[in-house]
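The residues making up each chain are set out below.
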Amino acid sequence: MLTYCNELTATDYCKLRTSVEWPDIALDQAQSGLDNSDFIIACKDGSETVGCARIFWDKGYIAYLADVMVDPKYQGLGIGKKLVLECKNYIHNQLRDDWKIKIVIVSSKGKEKFYEKLGFTSRPNDTAGSGMDMWVE
Ligand SMILES: CC(C)(COP(=O)(O)OP(=O)(O)OC[C@H]1O[C@@H](n2cnc3c(N)ncnc32)[C@H](O)[C@@H]1OP(=O)(O)O)[C@@H](O)C(=O)NCCC(=O)NCCS
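Worth saying up front: this structure is predicted, and the values here are computed from it rather than measured.

Enquirer: A description of the packing of aromatic side chains should follow, citing residues and the corresponding values.
Expert: Tallied over the entire structure, the rule returns five aromatic pairs. On the numbers, 4.9 Å between centres and 15° between planes, the contact of Phe39 with Tyr90 is stacked. Of this pair, Phe39 sits in strand β2 (residues 39-45) while Tyr90 is found in helix α3 (residues 79-92), placing the two residues 51 residues apart along the sequence. Across the pair, Tyr90 and Phe39 agree in class, each one buried. Here a set of aromatic residues connected by ring pairs shows up, and it is made of Phe114, Tyr115 and Phe120. Looking at Lys82, its charged tip hangs above the ring of Tyr4, at a distance of 5.2 Å from the centre.

Enquirer: Just give me the short version of the site of the ligand, but keep the residues and values in it.
Expert: Near the ligand lie 22 residues; those nearest to it are Val68, Val70, Gly78, Gly80 and Lys81. Gly76 has a polar backbone atom sitting 2.9 Å from an oxygen atom of the ligand. Protein coverage of the free-state accessible area of the ligand, which is 920 Å², stands at 74%. Spatially, the ligand is embedded in the largest pocket. Put simply, the parts of the chain that give the shell around the ligand at least two residues each are β4 (62-70), α3 and α4 (112-117). Per-class residue counts for the shell around the ligand are eleven nonpolar, seven polar and four charged.

Conventions used here
Residues numbered from 1 in each chain as written. Predicted model: local features only at pLDDT ≥ 70, side-chain atom pairs only at ≥ 80, totals over all residues. Heavy atoms only, no water. Phe/Tyr/Trp six-rings, centres within 6.5 Å; stacked < 30°, edge-to-face > 60°. Helix = DSSP H or I, 4+ residues; strand = E, 2+ residues; numbered from the N terminus. Buried < 20%, exposed > 50% of the residue type's maximum accessible area, 1.4 Å probe, protein only. Lys NZ or Arg CZ within 6 Å of the ring centre and 35° of its normal. Near = heavy atom within 4 Å. Polar contact = N/O pair within 3.5 Å; in protein donor to acceptor, adjacent residues only side chain to side chain. Areas by Shrake-Rupley, 256 points an atom, 1.4 Å probe, with all protein chains shown as cover. 1 Å grid on protein atoms, 1.4 Å probe; cavity = no way out; pocket = protein on both sides within 12 Å on 5 of 7 lines; lining within 4 Å. Sits in = over half its atoms within 2 Å of the grid points. Nonpolar A, V, L, I, M, F, W, Y, C, P; charged D, E, K, R; others polar.

Below is the structure:
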């Protein structure tokens, strides 16, 4: 049975990265990222972690949605959608009077439609430029 919780170990997080063929990161760097996330949601099948997502938020108007991952064996079951909606719900619960908060995601290639279905706007568009990033090594 699938369950959802707010706990995620760095080891399980790294296993999920491997399952979706993302590059490895050091365990202590994974742990640091988890420790400093504002919200973490994980999906479990029994004791096995099969999906996760996390949010970090500046406590103002910007929040970043990161590491939306579902083990390929469990994709297509609505888990990714539930994980993103739980993150959105967390942010929604932070709103105060007259506030609005923008959730930013950098989509992996080919996953744009998944996010569009959940209400995200693809860039670039008529009014917004491309998202950009840079590794510092
Ligand atoms: C992207 C990902 C999280 C989607 O998770 P998932 O659990 O398979 O998605 P869901 O089953 O919740 O799908 C929700 C909806 O999005 C659609 N969808 C999912 N992936 C899609 C894709 N790549 N392109 C278009 N639509 C997609 C589903 O058909 C479903 O549509 P519906 O609501 O009309 O039925 C998953 O494929 C994944 O982990 N991929 C590898 C890691 C990755 O690239 N993550 C994104 C990082 S930015």
